[in-house]
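Residue-level structural notes
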Amino acid sequence: MKFLLLSAILVGIISLFCCIIILKYFKLSIKYESLTSYIKKITHLVSSARYGNLYSRIDNDGNKITDELSKNLNNLLESILDRDIMINEYVEKEKEETNLKEDFIASLTHDLKVPIIAQDNTFDLLLAEKFGALSDIQKEAVIKLKISNMDLKYLVEALLETYKVEHRGIIVKKESGIFINKFIKETIEQLSSIFELHNKTINFKTELNDDFKADIDIFLTKRVINNLILNALSYSTNSDKIDIFLTKTNSGFSISIKDYGTGIEKEDIDKIFNKFYSGKSNLKQASTGLGLYLSNKIIKALDGNIEVQSKKNQGSVFTVTLPE
């Protein structure tokens, strides 16, 4: 589109130049007043096209030279207009198809949550031996099934949350005076059953005083912390623990989550927050590549920042910084 508009402008300039050359060197009978009027018409036409009006045209004035130039310029504008209409129709069609796909994904993921939750409850009943005693081998098998089901649950939730974020945006509802130490400890405690299944522990340390408070969106902040902890859990293959640190910053606080996994390849560091990017891994992890993408979106909406440091075979540290 820009290229075609530029072509129209260039044709207009060339038309003027040609008129001057023809008048000067071939001394053809175009009156000065007629040439001045024609120049004004071309200037107006080119200016209108520049600002998006592709419907203006130059009328013939009975002069063979200017009429031929006008015809060529009008034809070029017609071509640009036809191309513009075609492009707009294509864009609208693409938008419609994209919306249909995303609506389908949203409906599908929403419907999938029900059987996934039902399965999770069934696994809990089996582990509690409500249907009879289980051997050690059976318990181990049920635990593996429960872990896989939980992975599936988080994948579905990530798809659904991505749909909501991109269609409704992120609505921030901060609550004032939240005790951060208490909030983080409660968030970690809610994930304790998952860590037990994986035979992992959380090593939590804080530099904040217990009376340290901040204004945060509890739901969104908890979602990011959960994402990062579960991500660390999935990739912490070289240790049975995950380290979490709380520290004070100049304008608020930060939470760092360290795993002891395979680390992130250097060339992948700048890509890990991209949508659907899951990186390279030898682990057979089920991933949509949306967890970090969503976390980054949320933290930005909260006026915070998220960074990562990683070394191969030494693990990764994700640090979220939020204002007080």
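Read on for a plain summary of the structure. This is a predicted model, so every value here is computed, not measured. (Residues numbered from 1 in each chain as written. Predicted model: local features only at pLDDT ≥ 70, side-chain atom pairs only at ≥ 80, totals over all residues. Heavy atoms only, no water.)

**Topic: the environment of Gly304**
Checked against the element boundaries, Gly304 lands in the loop between helix 8 (291–301) and strand 6 (305–311). For the pair formed by Gly304 and Phe253, sequence separation is 51 residues and the distance between their alpha carbons is 9.9 Å. (Helix = DSSP H or I, 4+ residues; strand = E, 2+ residues; numbered from the N terminus.)

**A closer look at the layout of surface pockets**
Here the second largest pocket defines a volume of roughly 320 Å³. Glu161, Gly169, Ile171, Phe219 and Leu220 are the residues nearest the centre of the second largest pocket, which is lined by 14 residues in total. Contributions of two or more residues to the lining of the second largest pocket are made by helix 4 (136–168), helix 7 (218–235) and helix 8. Counting residues per element, the lining of the second largest pocket draws most heavily on helix 4, at four residues. (1 Å grid on protein atoms, 1.4 Å probe; cavity = no way out; pocket = protein on both sides within 12 Å on 5 of 7 lines; lining within 4 Å. Points joined across faces, edges and corners; volume = space filled by probe spheres on them.)

**Overview of the packing of aromatic side chains**
Per the counting criterion, the structure on display carries one aromatic pair. Both rings, one in Phe212 and one in Phe253, keep their centres 6.2 Å apart while their planes meet at 75°; by these two values the pair is edge-to-face. Of this pair, Phe212 sits in the loop between strand 2 (201–206) and strand 3 (213–216) while Phe253 sits in strand 5 (residues 252–258); the two residues are 41 residues apart in sequence, bridging distant segments of the chain. A cation over an aromatic ring shows up here: Lys258 above the ring of Tyr260, its NZ or CZ 4.8 Å from the ring centre. (Phe/Tyr/Trp six-rings, centres within 6.5 Å; stacked < 30°, edge-to-face > 60°. Lys NZ or Arg CZ within 6 Å of the ring centre and 35° of its normal.)

**Examining unusual backbone geometry**
Located in the positive-phi region is Glu129, a residue other than glycine, with phi close to 60°. Take Glu129: it is sitting in the loop between helix 3 (64–127) and helix 4. With phi around 65°, Asp303 is a residue other than glycine that occupies positive phi space. With respect to the helices, strands and loops of the structure, Asp303 is situated in the loop between helix 8 and strand 6. Residue classification places Asp303 among the exposed residues on the basis of a relative accessible area of 61%. (Buried < 20%, exposed > 50% of the residue type's maximum accessible area, 1.4 Å probe, protein only.)

**Thoughts on the side chain of Ser316**
By the element assignment, Ser316 lies in strand 7 (residues 315–323). What Ser316 contacts, discounting residues up to four positions off in sequence, is Ile257, Lys258, Asp259, Gly263, Ile264, Val308, Gln309 and Ser310. (Contact = heavy atoms within 4.5 Å.)

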